[in-house]
Amino acid sequence: MTDAFIDIPGVRNFRDAGGIGALRRGVLYRSGSLHTLTEEGARRLKALGLRTVIDLRSAFELEVWPDQRHGLDHETLHLPTLPADRKDVDLPWPEDQASLYPFMAETAGPSLAAVMRRLAEPQSSAVLVHCAVGKDRTGLTIAVLQSLLGASQADITADFLLSNIGLGLDKGPTPYLDETGTERVSRPVGAELLASSLAWIRTHHTDIPAYLRHHGATDAELAAVHANLSA
């Protein structure tokens, strides 16, 4: 599955999300942000047919680290995975990875449904989904889509874990500066993290389609996602 990685200068963890379940290759990509995209990277994105970018980051991240275009002509949708403000949710804010994943499942429903709604529109070109490094928020979003398109839990998890390779986390945690300039530690993802998100969804909504319908996606839109993205 490591053949899914594509070298896009200035973009971390860029890879094709297809080849998992019915999701075909060449229509949906995933990555970290484009804030350090180079001109050569932009040329390669253009060659892939990229015309839509779905950005899952917060408004503050977009302000601090705006995506670079270098002449790329694409539509950008801002569909943040996490609530805009801690006061917007009556839940403890996650302080570690273990609490982040069920928290995302509980709060990201509107974002995930909006992503599906966009993918339900006729697709004549490639779509990129990204967050900051393409690991957690992007990981859940892509896993939900792959599950919707019939991928097995084993294949979804294997694809999710590729972020460790894409970010050099297969060698262990690495330090980084967050959007506020605070030094933090990026940690590898494990299968149990994604499993906790998907388990929360199934416990509270039975399955992925029911979860997405609960947050506003229609049966017609979910069927259109299948039609647009399936091999």
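Structure's up top.
Not measured: the values here are computed from a predicted model.

Thresholds applied
Residues numbered from 1 in each chain as written. Predicted model: local features only at pLDDT ≥ 70, side-chain atom pairs only at ≥ 80, totals over all residues. Heavy atoms only, no water. Salt bridge = Lys/Arg side-chain N within 4 Å of Asp/Glu carboxyl O. Helix = DSSP H or I, 4+ residues; strand = E, 2+ residues; numbered from the N terminus. Buried < 20%, exposed > 50% of the residue type's maximum accessible area, 1.4 Å probe, protein only. Pairing = 2+ DSSP bridges. Right-handed = clockwise from strand over helix to strand, strands pointing away.

Q: Would you mind showing me how to read the pattern of salt bridges here?
A: Once the charged atoms of two side chains with opposite charge are near each other, the side chains can pair. Summed over all chains, the structure comprises 17 salt bridges. Arg 51 is paired through a salt bridge with Asp 73; the nearest N and O atoms lie 3.5 Å apart. Remark: Asp 73 occurs in the loop between α2 (59-64) and β4 (75-78) and Arg 51 occurs in strand β3 (residues 50-55); sequence separation between them is 22 residues. Taking the relative accessible area as the measure of exposure, Arg 51 reaches 43% and is therefore partly exposed. Using a relative accessible area of 54% as the deciding quantity, one classes Asp 73 as exposed.

Q: Sorry if this is basic, but what is going on with the pairing of β3 here?
A: Sheet faces and side chains relate simply in a regular strand, where the side chains alternate between the two faces. Burial analysis of β3 places five of its six residues in the buried class, the great majority of the element. Here β3 pairs with strand β5 (residues 126-130) via five bridges, running parallel. When the bridges of β5 are listed, Asp 55 appears paired with His 130. Two elements, β3 and β4, share four bridges in a ladder whose sense is parallel. Note that in β4 the partner of Asp 55 across the bridge is His 78. Handedness of the crossover joining β3 and β4 through α2 is recorded here as right-handed.

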